[in-house]
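Here is what each chain is made of, one letter per residue.
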Amino acid sequence: MDDELITERRPVAFPQVFGYLRHITGGHARHAALVECLTEYCRRHELTLGGVFTDRDATVAIRSAAFVGLVDALQLTDTYGVIVPALSHLGPKGIGAERRRQITASSTRLLVVRSFTPTRGSEASPGTGAGVRPRGTT
């Protein structure tokens, strides 16, 4: 995992990403806030959010309808990657690991808006909680 800049050092123009959410509990307002989180991240990093795929079923399966749609979208020309608010949106440990593998196998990047990895000796930046830092991962 790295903290390098996403578009500032790469010869790309408005790379397209697709969002993925697991939204099992909470109402419309919570879903809208999650989508806004992805949208704002894309705006700040000069990315184009091509769409957001949302799983709403409490049953967790590696090949859910929303995830299959996401994987299909990753095959589109000029797709840069997948964006999630946190790795937990990919599912529990084993399923999340397999989904990360499938995203990586598509030759696209996995971008994580919030990582809950504590940063030693640093304060949280505005708009983030303590120990939270945005980062892009491969």
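Structure first, text after, so check above.
Residues numbered from 1 in each chain as written. Predicted model: local features only at pLDDT ≥ 70, side-chain atom pairs only at ≥ 80, totals over all residues. Heavy atoms only, no water.

Draft legend 1. Up close: the nonpolar core. Of all hydrophobic cores here, the largest spans 14 residues; its most connected members are Tyr-20, Leu-70, Val-82, Val-84, Ile-103 and Leu-110. Mapped by element, the contributors of at least two residues to this core are strand E1 (16–22), helix H2 (65–73), strand E3 (79–84) and strand E4 (109–115). Top contributing element to this core by residue count: H2, with five residues. Among the nonpolar cores identified, the runner-up in size contains twelve residues, and Val-17, Tyr-41, Leu-47 and Leu-111 belong to it. (Core = buried A, V, L, I, M, F, W, Y, C linked by side-chain atoms within 4.5 Å. Buried < 20%, exposed > 50% of the residue type's maximum accessible area, 1.4 Å probe, protein only. Helix = DSSP H or I, 4+ residues; strand = E, 2+ residues; numbered from the N terminus.)

Draft legend 2. Expanded view of the state of the cysteines. Inspection of every chain in the model, using the stated rule, returns zero disulfides. Summary of cysteine pairing: Cys-37 is not part of a disulfide, and the nearest cysteine sulfur, belonging to Cys-42, is at 9.5 Å. The class for Cys-42 is buried, based on a relative accessible area of 2%. (Disulfide = S-S within 2.5 Å.)

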